[in-house]
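Residues per chain are reported as follows:
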Amino acid sequence: MTALLSLTAVSKRFRGLLAVDRVSFDVAEGALFAVIGPNGAGKTTLFNMIAGATTPDDGAIVFAGEPIGGLSADAVCRRGIARTFQLVRPFPALSLEDNVVVGALLHRRGVGAAREHARDLLRRLDLFDKRHQRAATLTLPDRKRLEVARALATDPRLLLLDEVMAGLRPTETDRMVATLRTLNRDTGVTVLLIEHVMRAVMALASRVLVLDHGVAIAEGTPQAVVRDPAVVQSYLGAETM
Amino acid sequence: MPFDVYLNVAIGGVLTGLVYGLMALGLSVIFGVVRVVNFAHGEMMSIAMFLAVVLFSAFHLDPLIMMVPIAAVLFVFGYALQSGLINPFIARPEHSQFLLLVALGIIIVNVLLIIFGPDARTVQTAYAFDSFQLGPLLVDATKVYAGAAAIVFAALLFAFFRFTLIGTAIRACADNYTGALVVGLNVNRLYALTFGIGAACVGAAGTMMTLIVDVTPMIGPTYTLLAFVIVITGGLGSMPGALLGGILIGLTEALAGLLFTPSAKSMFAFGILVLVLLFRPQGILGKRPA
Amino acid sequence: MSAALARLAGDLSPRTRIWLAALVAALVIAPWIVGDYLVTVLILILYLAYTGQAWNIMMGFTGQLSLGHAIYAGLGAYVAAVLFTRYGVAPWVGLLAAMPVAAACGAIIGFLAFRFGVTGVYFAILTIAFAEFARIGFDHLGIVNAAAGLFLPVAQYAHNDPWRLRGSPTMFYYVMLAATLAAFILCRLLITSRIGYFWLAIREDEEAARAAGIDTFRYKMYAVTISAAVTSFAGVFYAFFYNNLFPEQVFNISRSIQMILGPIIGGVGTLFGPILGAFVLTGLAESLSTALTAMGLDLPGAEQVFYGVCLLVVVVALPEGIWPWLARRLGVKEAES
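Residues numbered from 1 in each chain as written. Chains lettered and ligands numbered in written order. Predicted model: local features only at pLDDT ≥ 70, side-chain atom pairs only at ≥ 80, totals over all residues. Heavy atoms only, no water.

**Points about the overall build of chain A**
Each helix and strand counted, chain A has 9 helices and 10 strands in total. Computed over its C-alpha atoms, the radius of gyration of chain A comes to 18 Å, within 12% of the 18 Å expected for a compact globule of 241 residues. Along the first, second and third principal axes, the C-alpha set of chain A runs to 50 × 40 × 35 Å. Sorting the 241 residues of chain A into buried and exposed places 55% on the buried side. Sequence separation of 24 or more characterises 66% of the internal contacts of chain A that already satisfy a separation of 6 or more. When the accessible area of chain A is evaluated, it comes to approximately 10200 Å², of which 50% is carbon and sulfur surface. Side chains of chain A carry 30 positive and 26 negative charges; the gap between the two charge centres is 4 Å. (Helix = DSSP H or I, 4+ residues; strand = E, 2+ residues; numbered from the N terminus. Rg over C-alpha atoms; globule rule 2.2 N^0.38 Å. Buried < 20%, exposed > 50% of the residue type's maximum accessible area, 1.4 Å probe, protein only. Contact = heavy atoms within 4.5 Å. Areas by Shrake-Rupley, 256 points an atom, 1.4 Å probe, with all protein chains shown as cover. Lys, Arg positive; Asp, Glu negative; His and termini not counted. Charge placed at Lys NZ, Arg CZ, Asp CG, Glu CD.)

**As for the pattern of salt bridges**
Residues and elements named next belong to chain A. Under the counting rule described, the total for this entry stands at 27 salt bridges over all chains. In this structure, lysine 130 engages aspartate 142 in a salt bridge whose closest nitrogen and oxygen atoms are separated by 2.5 Å. Placement of lysine 130 in the loop between helix H4 (111-124) and helix H5 (140-153) and of aspartate 142 in helix H5 is noted, with a sequence separation of 12 residues between them. For lysine 130, a relative accessible area of 31% corresponds to the partly exposed category. Look at aspartate 142 and you get buried, because its relative accessible area is 7%. The salt bridge partner of arginine 185 is aspartate 186, with a shortest N-O separation of 3.4 Å. (Salt bridge = Lys/Arg side-chain N within 4 Å of Asp/Glu carboxyl O.)

**A few points about the nonpolar core**
Among the nonpolar cores identified, the biggest contains 275 residues, and Val148(A), Leu22(B) and Met23(B) are the most heavily contacted of them. Of the residues forming this core, the biggest block, 17 residues, is contributed by helix H3 (residues 36-61) of chain C. Shared between two domains, this core holds at least three residues of each, these being domain 1 (3-80 + 156-238) and domain 2 (92-154) of chain A. The contacts of Val148(A), once residues within four sequence positions are left out, are Thr84(A), Leu125(A), Leu159(A), Leu161(A), Val164(A), Met176(A), Leu180(A) and Leu183(A). (Core = buried A, V, L, I, M, F, W, Y, C linked by side-chain atoms within 4.5 Å. Domains from an automatic or database assignment.)

**Things to note about the interface of chain B and chain C**
By a frequent convention, interface size equals the accessible area lost on bringing the separate parts together. Every contact between the two is made by 36 residues of chain B and, on the other side, 37 residues of chain C. Where chain B abuts chain C, roughly 3300 Å² becomes buried across the two surfaces, and 87% of that area is made up of carbon and sulfur atoms. For chain B, the biggest contributors to the area lost against chain C are Leu99(B), Met267(B) and Leu278(B); these three give 18% of the whole. Here chain B is connected to chain C by 0 salt bridges. The tally of links from chain B across to chain C stands at 2 residue pairs in polar contact (both at pLDDT 80 or more). (Buried area = accessible area lost by both parts, 1.4 Å probe. Polar contact = N/O pair within 3.5 Å; in protein donor to acceptor, adjacent residues only side chain to side chain.)

**Observations concerning the packing of aromatic side chains**
Within the structure shown, the criterion is met by 33 aromatic pairs over all chains. Look at Phe172(C) and Phe241(C): their rings are 5.0 Å apart centre to centre, the planes differ by 65 degrees, and that puts the pair in the edge-to-face class. Placement of the pair is Phe172(C) in helix H7 (residues 169-191) and Phe241(C) in helix H10 (residues 216-242), with a sequence separation of 69 residues. No difference in accessibility class separates Phe172(C) from Phe241(C), as the two residues are buried. Relative to Phe272(C), the ring of Phe184(C) lies with its centre 5.1 Å away and its plane at 50 degrees, an arrangement referred to as tilted. Of the two residues, Phe184(C) sits in helix H7 while Phe272(C) sits in the loop between helix H12 (253-266) and helix H13 (273-294), which places them 88 residues apart along the sequence. Here Phe272(C) falls in the buried class, since its relative accessible area comes to 13%. Ring pairing ties together the aromatic residues Tyr47(C), Phe172(C), Phe237(C), Tyr238(C), Phe241(C) and Tyr242(C), which thus form one cluster. For Arg131(A), the ring lying beneath its charged end belongs to Phe128(A), and the centroid distance is 4.0 Å. Seen from the ring of Phe89(B), Arg92(B) lies directly overhead, with NZ or CZ sitting 4.2 Å from the centre. (Phe/Tyr/Trp six-rings, centres within 6.5 Å; stacked < 30°, edge-to-face > 60°. Lys NZ or Arg CZ within 6 Å of the ring centre and 35° of its normal.)

**A word on the sheet that holds strand E10 (residues 215-220) of chain A**
Residues and elements named next belong to chain A. Across the sheet, 6 strands lie side by side as E6-E7-E8-E3-E9-E10; this open sheet has mixed pairing. Since the sheet does not close on itself, it has two edges, and those belong to strand E6 (81-83) and E10, each with one partner. Between one strand axis and the next, the sheet turns by 20 degrees as a mean value, whatever way the strands run. (Pairing = 2+ DSSP bridges. Axes fitted to C-alpha atoms, helices over the stretch in contact; angles between N-to-C directions.)

**So, the side chain of Ser256(C)**
All names here are of chain C. By the secondary structure assignment, serine 256 is in helix H12. For serine 256, a relative accessible area of 1% translates into the label buried. When neighbours within four sequence positions are excluded, serine 256 is seen to be in contact with Leu67, Gly68, His69 and Ala70.

**Side note on the sheet that holds strand E1 (residues 3-14) of chain A**
Residues and elements named next belong to chain A. With respect to topology, 4 strands assemble into an open sheet ordered E2-E1-E4-E5, the strand pairing being antiparallel. Each end of this open sheet is capped by a strand with a single partner; those strands are strand E2 (17-28) and strand E5 (66-67). Two strands pair when backbone bridges link them, and E1 and strand E4 (residues 58-63) are joined in this way by 5 bridges, in the antiparallel orientation. Each residue of the ladder has a partner; that of leucine 5, found in E4, is phenylalanine 63. Across the face of the sheet, helix H1 (residues 43-51) comes into contact with E1, E2 and E4 while running at roughly 120 degrees to E1.

**Side note on the pairing of E10(A)**
Each regular strand carries side chains that alternate between the two faces of the sheet. Residue and element names in this part refer to chain A. One ladder, built from 5 bridges, connects strand E9 (residues 207-212) with E10; its direction is antiparallel. Each bridged residue has a counterpart across the sheet, and for leucine 211 the counterpart in E10 is alanine 216. Linking E9 back to E10 in an antiparallel pair, the connection comprises 2 residues, with histidine 213 at a positive phi of about 50 degrees.

**Considerations on empty space enclosed by the protein**
All names here are of chain C. Within this structure, the stated rule accounts for 6 cavities of 30 Å³ or more. Space inside the largest cavity adds up to approximately 100 Å³. Lining the largest cavity are Leu20, Leu23, Val24, Leu27, Leu46, Leu177, Thr180, Leu181, Phe184, Phe272 and Ile275. Secondary structure elements with two or more residues in the lining of the largest cavity: helix H2 (14-33) and H7. Grouping the amino acids of the lining of the largest cavity by side-chain chemistry returns 10 nonpolar, 1 polar and no charged. Surrounding the second largest cavity, Tyr47, Ala70, Ala73, Gly74, Ala77, Gly235, Tyr238, Val250, Arg255 and Met259 form its lining. (1 Å grid on protein atoms, 1.4 Å probe; cavity = no way out; pocket = protein on both sides within 12 Å on 5 of 7 lines; lining within 4 Å. Points joined across faces, edges and corners; volume = space filled by probe spheres on them. Nonpolar A, V, L, I, M, F, W, Y, C, P; charged D, E, K, R; others polar.)

**Things to note about the interface of chain C and chain A**
Contact residues are listed per partner, giving 20 residues for chain C and 23 residues for chain A. Looking only at chain C, the three residues that lose the most surface to chain A are Arg194(C), Tyr197(C) and Glu204(C), adding up to 33% of its buried area. For Arg89(A), the salt bridge identified is with Asp205(C), shortest N-O distance 2.8 Å. Our enumeration of links across chain C and chain A arrives at 9 residue pairs in polar contact (both at pLDDT 80 or more). Counting only elements with at least two residues in the side of chain C that touches chain A, the list comes to helix H8 (194-204) and helix H9 (206-211) of chain C. For the side of chain C that touches chain A, the element with the highest residue contribution is H8(C), accounting for 7 residues.

**Notes on the domain arrangement of chain A**
Residues and elements named next belong to chain A. What the domain assignment lists for chain A is domain 1 (3-80 + 156-238) and domain 2 (92-154). Using C-alpha coordinates to define each centre, domain 1 is positioned 24 Å away from domain 2. On the side of domain 2, 13 residues touch domain 1, which itself brings 18 residues to the contact. Counting the surface lost from both domain 1 and domain 2, the interface buries some 1400 Å², and carbon and sulfur atoms represent 67% of this. Counting every contact that joins domain 1 to domain 2 gives 2 salt bridges. For aspartate 186, the salt bridge is made with arginine 124, and the minimal N-O distance between the two is 3.5 Å. Only helix H2 (73-79), strand E7 (158-162) and helix H6 (170-187) provide two or more residues apiece to the side of domain 1 that touches domain 2. Per-element tally for the side of domain 1 that touches domain 2: the top contributor is H6, with 8 residues.

So, in structure tokens, the structure goes:
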């Protein structure tokens, strides 16, 4: 099986400092893939390179058989990769529904069709009843769900989630995990998430990559990775698991 | 044209540019600390110019002497403006602050128009037609005085920010707003002080400007734009940049006026602005934003 | 076409439709009721409503603060006036040249700003700089009579010639009314369509818009060129209504400011805001100057001071403008957020 997303020896330097050092991995179609690692490990830089927010210095990023490294963020999205932001960025003055309509219009000409699609997604994410509220009035968990809905509205093959659990309480985290599982099962969308919340990673991910100081130190199933001595040493040892 | 004509005009331009620089310094200080773009800057300058004209025509007070009192008046104006009107606007969106000051500028221009009428006014000092001769060069005395006063005022300002406690506190505010709050600085008062200082700069510059140019109420917006051109050219928030930008624009205007036509001179200033915005948006001496 | 019509009226509540119909009816019969002086005032109001609507496409929809819109009106005015006075070209034909010229100018400014990342207040200053550049440039341009001004042969009052835009104020009134309605309809169609949603997304958060796949550069370019082209008609109208053009006036920054006051006071980003703002602002300003004249006072700057105070009060006290506040009172809803 060929991978949907494939990174080969991708590197990024900031003022001489190697933020990401020759990282390679493959994400299979339909997978729930998590990238974890301590703060400053290079997760966000890696994420931004895939999403088109920064250009890699070296290496290749291939999505669905085509190189996408260095494309602009909007071009990446049009190819089928949608992202959320770590610090959520909904369009504050627009209603929830219109937020999602914007995403849905990417591959739909008519506003009517886009609205229908948006409403489907809002139902999926339990936001339908709030669809006429302004996004600025939402609570953090709802804003996070709204971002997921807007990203999904662009009909992505790959969904990039940047710490979508951060700041959520445990019950909300479980709810988000359940939603993402269902989405992945029903629509087949591939998910790549950067995550700090181990509880979510263990419950959700089918495969995990561990970054430390810009280097990929382990890859495997969640259960295998947490037993990896290198991982325990560098990352998990610091936390109470 | 002989070379010394160019040189004469160039020196005149540099001296005028020093006064421009002082004016722009005020704008730069306000932006650098308060992060508010003073769109009424030239209008505030025209207030100072009219004060100087009135004081001269009514009491024969020389602008060079009145520079300090007028700067003080503008300081009070700026202080009051910041603490009364702008401080509550600090958290508002950028364009909202911008429009607030646009409104203020419109009001100033037209209040001056109502009081003084549209005609140009001048200050005719005893030395208005004097000049200094240096070999083949002939330099207007008024420009020399104005330029020298601008240097003195700017130097005092640099010293204030460098060596006084309040100056240091203001710089701390500019670097790190939250940090300044945490260590207990009264940020609102420091902002008001800063706006006052910026206004004092423009007050002093305006007073000196009356030695060089005529005053009309409509002159305000022109100087606002000029101040923007200068600080963006020099680097917004950079004090030496403002002075350098002032000299550069003064020189450009003078030479453009000589080579083309004086009325088209500001086209060249705008030309420079566009080039700088496109190719070095942080300005000549400005820092690249992180 | 029917789809467009449906979108135009589709989601308006019956109440809103009644209000709208009443407003249009009142404007249509107004010249039969009010005198010549008030017709002239109404023309000014509609003119500002029209330009405000055009400016709103950039600031209200797309979030790009232009303070140099006088350049587009000025270019439109000069192109049509020169074609008319020199070659006898009718203004409606002249418009076909004026619009592309203004649109091209908008595209140049937009391209430079958006390609090189000139944003926010810097963008506003860049637009002023271009307008000032045009003002000084036209002051020295022989083909438009430079600073001496360009004059159109004064209209014959008795004959209304809508094709050549020569005639009575009432004729001009209906031309401007039609244009204002057209601009309103255009803006409503735009904001309820795909392009409108993308503009709003850019206004709200440009980076997030890009992450949603929107080519923000392209859509900002659409906004600036459409806005410029729409504004240029106001300039053509201005030239033929006032019959004289001076660069000092046409490109003056106070013209640009005048254009933005209506929407700011009425409500940036709304469809009725520019119209309401133009009514409120001009109505109050005219009453003020009438009152001052009645008192025997001649204060040339008083009207402008009044504009300044209005802007100040609205920015401080009603940052959203009057319309959103009024709409809640009236129970009227527009399509856009």
